[in-house]
Amino acid sequence: MNQYQLIKLAKRVGLYALIAVVMVYAIFPFYYAVITSLKPSSELFRVDFWLSSLDFGNYVHIFTQKSFVRAIFNSILVSISVVFIALLLGVTASYALGRVRFRGRTTVMLVVLGVSMFPQVAVLSGLFEVIRSLNLYNNPGGLILSYTIFTLPFTVWVLTTFMRQLPMELEEAAIMDGATPWVTITKVFLPLMWPAMATTGLLAFIAAWNEFLFALTFTLTDSQRTVPVAIALISGGSQHELPWGPIMAASVTVTVPLVVLVMIFQRRIVSGLTAGAVKG
Amino acid sequence: MSIPATEGAPQAVRPRQAGYRGTKVRRQRVRAAWTFLTPMLFALALVAGWPLLRTFYFSFTDASLSDTTSALFIGFENYLVYDDGAWYGLLTDPIWWRSVWNTLFFSVVSVSLEVVFGIIVALLLNAEFKGRMLVRAAVLIPWAIPTIVSAKMWAWMLNDQFGIINHLLMALGIIDSPIPWTASATYSMWAVIMVDVWKTIPFVALLVLAALQMLPKDCYEAAEVDGIHPVKVFFRVTLPLITPALLVAVIFRLLDALRVFDVIYVLTSNSTSTMTMSIYARQQLVEFQDVGYGSAASTLLFLIIALVTVLYLYLGRRQLGVDQ
């Protein structure tokens with residue numbers, strides 16, 4: 001083997017070593033959470049890198065707790081409703097912003113973009129008042145309403161980019177046939193928009209599923225909480241005796257669906273994220 | 001489309017009427033556009049516009065959480081007031097200034113680290129190797145994990161007595177005694193930064209990767225022919241070309257970091273050594289029930305973020321394509 005080949009080999013080995021480091025760094029915390037959640041509580045405080053035995057005690061513990069099951073149900077209800085509302089309002093608004101030229105369009109786009117950058121805390125007191133006056137405090141309805149603040153601008157923004165890329169001829173043909181804008185959206189664009197809607201819907205779902213500040217502030221009782229709040233508030237006898245086993249089991253339970261979704265829809269998510277940021 | 005003809009349907013088309021029909025269709029479309037925008041704008045006004053105005057208003061009142069309607073207007077007293085020989089208010093509170101400093105420190109350090117590591121990971125994912133798609137999916141995992149969950153996972157790994165990180169560091173002989181990562185004033189900020197960097201590298205890496213994949217190949221071929229060192233190629237060719245995408249990623253991340261709440265709240269709760277502006281404002285609003293004072297803090301946070309946003313719109317105008 002001459003020197004050139006040797007250098008090439010060393011580079012290859014270096015590349016794979018670096019990839020291995022990145023992989024371990026990305027996956028290990030989650031892997032360690034899975035391991036911890038599958039340990040019996042007697043072995044919890046011994047550091048292990050792999051499992052010697054399987055124990056589902058922690059999972060049984062959290063799933064027999066009514067408040068946790070209820071929290072999962074609340075999270076699913078809130079996230080799906082939020083996605084539905086964001087897509088419904090987002091598709092029609094993005095048609096207006098992406099396909100129709102009218103005065104004030106740039107202003108509306110800037111308003112949408114501005115809202116997507118609102119710090120949640122800045123609207124906390126005002127939103128609290130709105131939610132209480134609508135009788136939605138300590139109710140998933142209040143969360144569905146408040147999550148619109150970050151899912152709707154994002155959905156509108158990304159769908160508008162997708163709408164703009166669709167060919168003009170389609171719409172011209174529809175206009176020639178005398179189709180109203182509503183018919184144009186539902187019969188012409190909607191069938192073409194499914195991929196884009198799946199992407200934005202998925203991203204909105206993840207955002208709603210993970211939200212914490214509003215869920216913590218606008219709910220009060222265990223039965224109305226969402227999963228992130230339920231996990232954050234799991235506590236033991238004292239500050240220093242957190243029940244790590246059940247916490248890890250709950251964490252893995254709410255993360256696995258997301259990880260599976262991300263694995264399946266990897267390409268879509270990447271295109272959605274970059275459409276929102278790079279291409280705009 | 002078998003749709004019944006509407007009013008403007010062509011019947012006996014004369015030249016002038018054709019023009020008339022064009023404007024009619026256009027007017028119909030513009031009207032429809034506003035009809036479609038109204039529900040969205042109403043929703044945004046309800047959850048963003050109105051609450052923001054209320055927050056501004058509350059910051060000039062003595063409102064409390066239990067009763068926001070009978071609040072009295074007290075001017076700038078929440079911000080700054082001179083009373084009985086001393087200054088009071090938000091602007092004189094050392095904890096507020098501490099949280100401003102913490103927020104800025106956290107934002108600058110974590111975003112810088114994320115950009116550096118994000119570029120490295122992106123370059124790596126852009127290289128040719130077997131199983132690239134699998135690695136890409138794996139790198140996305142931290143991004144998909146809910147912030148609360150990642151904070152809890154790291155809190156467990158950073159646990160002072162039983163955590164795997166102290167265990168490893170002690171086994172390797174780097175430290176003699178366990179470090180109380182989340183409890184100590186010196187280390188807790190770094191622990192928080194570590195968790196945030198872990199979680200958001202994928203986002204930066206993906207944006208950079210998307211930019212890398214759009215780069216023209218010929219520059220690199222030319223550089224290779226000329227025998228230029230790859231490091232030099234990176235700084236002279238790649239970096240300038242991905243700067244626009246990088247700028248977008250940085251501002252997105254910066255805006256997120258300036259309003260950071262959940263990761264810090266879960267890892268270190270209300271400790272002053274890691275308290276950020278969001279945590280300070282929420283503590284005043286919800287835990288101390290002082291809506292007036294908390295709103296004043298929220299208002300200042302909003303102004304800071306608005307400043308950064310304006311800067312972003314100014315710098316990123318061309319990438320955003322708002323002006324076509």
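Residues numbered from 1 in each chain as written. Chains lettered and ligands numbered in written order. Predicted model: local features only at pLDDT ≥ 70, side-chain atom pairs only at ≥ 80, totals over all residues. Heavy atoms only, no water.

Topic: the overall build of chain B
Broken down by element type, chain B carries 12 helices and 2 strands. For chain B, the N- to C-terminal ordering of α and β elements is α-β-β-α-α-α-α-α-α-α-α-α-α-α. A total of 324 residues make up chain B; the buried ones form 50% of that total. Long-range contacts, defined here as pairs at least 24 residues apart, represent 61% of the contacts in chain B between residues at least 6 apart. Of the accessible surface of chain B, which amounts to about 16000 Å², a share of 65% is contributed by carbon and sulfur atoms. (Helix = DSSP H or I, 4+ residues; strand = E, 2+ residues; numbered from the N terminus. Buried < 20%, exposed > 50% of the residue type's maximum accessible area, 1.4 Å probe, protein only. Contact = heavy atoms within 4.5 Å. Areas by Shrake-Rupley, 256 points an atom, 1.4 Å probe, with all protein chains shown as cover.)

Re the side chain of Ser188 of chain B
Residues and elements named next belong to chain B. Note that Ser188 resides in helix H6 (residues 188-212). Look at Ser188 and you get buried, because its relative accessible area is 1%. Here the side chain of Ser188 touches Ser273 through a polar contact of 3.4 Å, side chain to side chain. Residues within four places of Ser188 in sequence aside, it is in contact with Trp181, Thr182, Thr268, Ser273 and Thr274. (Polar contact = N/O pair within 3.5 Å; in protein donor to acceptor, adjacent residues only side chain to side chain.)

A closer look at helix H1 (residues 3-37) of chain A
All names here are of chain A. In this model H1 runs 50 Å from its N-terminal to its C-terminal C-alpha over 35 residues, within 8% of the 51 Å that 1.5 Å per residue would give. At Ile27, H1 is deflected by roughly 45 degrees, the largest bend along its length, and proline Pro29 occurs up to four residues later in sequence. The complete set of buried residues in H1 reads Leu15, Ile19, Val22, Ala26, Pro29, Phe30, Tyr32, Ala33, Ile35, Thr36 and Ser37. (Expected span 1.5 Å × (residues − 1). Bend = angle between axes of the 7 residues up to and from the residue.)

Observations concerning the domain arrangement of chain B
Interfaces are frequently sized by the accessible area removed from exposure as the parts join. Residues and elements named next belong to chain B. For chain B, the assigned domains are domain 1 (59-92 + 276-317) and domain 2 (102-149 + 179-274). When each unit is reduced to the centre of its C-alpha atoms, the spacing between domain 1 and domain 2 is 32 Å. On the domain 2 side, the residues contacting the 13 residues of domain 1 number 16 residues. Of the roughly 1400 Å² buried where domain 1 meets domain 2, counting both sides, 73% is carbon and sulfur surface. Considering only the side of domain 1, the residues that lose the most area to domain 2 are Thr276, Ile279 and Tyr312, jointly responsible for 42% of the buried surface there. (Domains from an automatic or database assignment. Buried area = accessible area lost by both parts, 1.4 Å probe.)

Details of a nonpolar patch on the surface
Together, Leu18 of chain A together with Leu113, Val116, Phe117, Ile120 and Trp190 of chain B line one region of the surface with nonpolar side chains, adding up to about 520 Å² of accessible area. Here Val116 of chain B is to be found in helix H2 (residues 94-126). (Patch = residues over 30% accessible without salt bridge, like charges linked within 9 Å, V, L, I, M, F, W, Y side chains within 5 Å. Salt bridge = Lys/Arg side-chain N within 4 Å of Asp/Glu carboxyl O.)

Observations concerning the interface of chain B and chain A
If you look at the interface, chain B gives 101 residues, while chain A gives 108 residues. Surface buried jointly by chain B and chain A totals about 9300 Å² across both partners, of which 77% is contributed by carbon and sulfur atoms. Inspection of the region where chain B meets chain A yields 2 salt bridges. Between Arg54 of chain B and Glu129 of chain A there is a salt bridge, and its shortest N-O distance comes to 2.7 Å. Where chain B touches chain A, the interface holds 14 residue pairs in polar contact (both at pLDDT 80 or more). It is helix H1 (residues 15-58) of chain B that provides the largest number of residues to the side of chain B that touches chain A, a total of 24 residues. Taken together, the residues that form the side of chain B that touches chain A break down as 75 nonpolar, 15 polar and 11 charged. (Nonpolar A, V, L, I, M, F, W, Y, C, P; charged D, E, K, R; others polar.)

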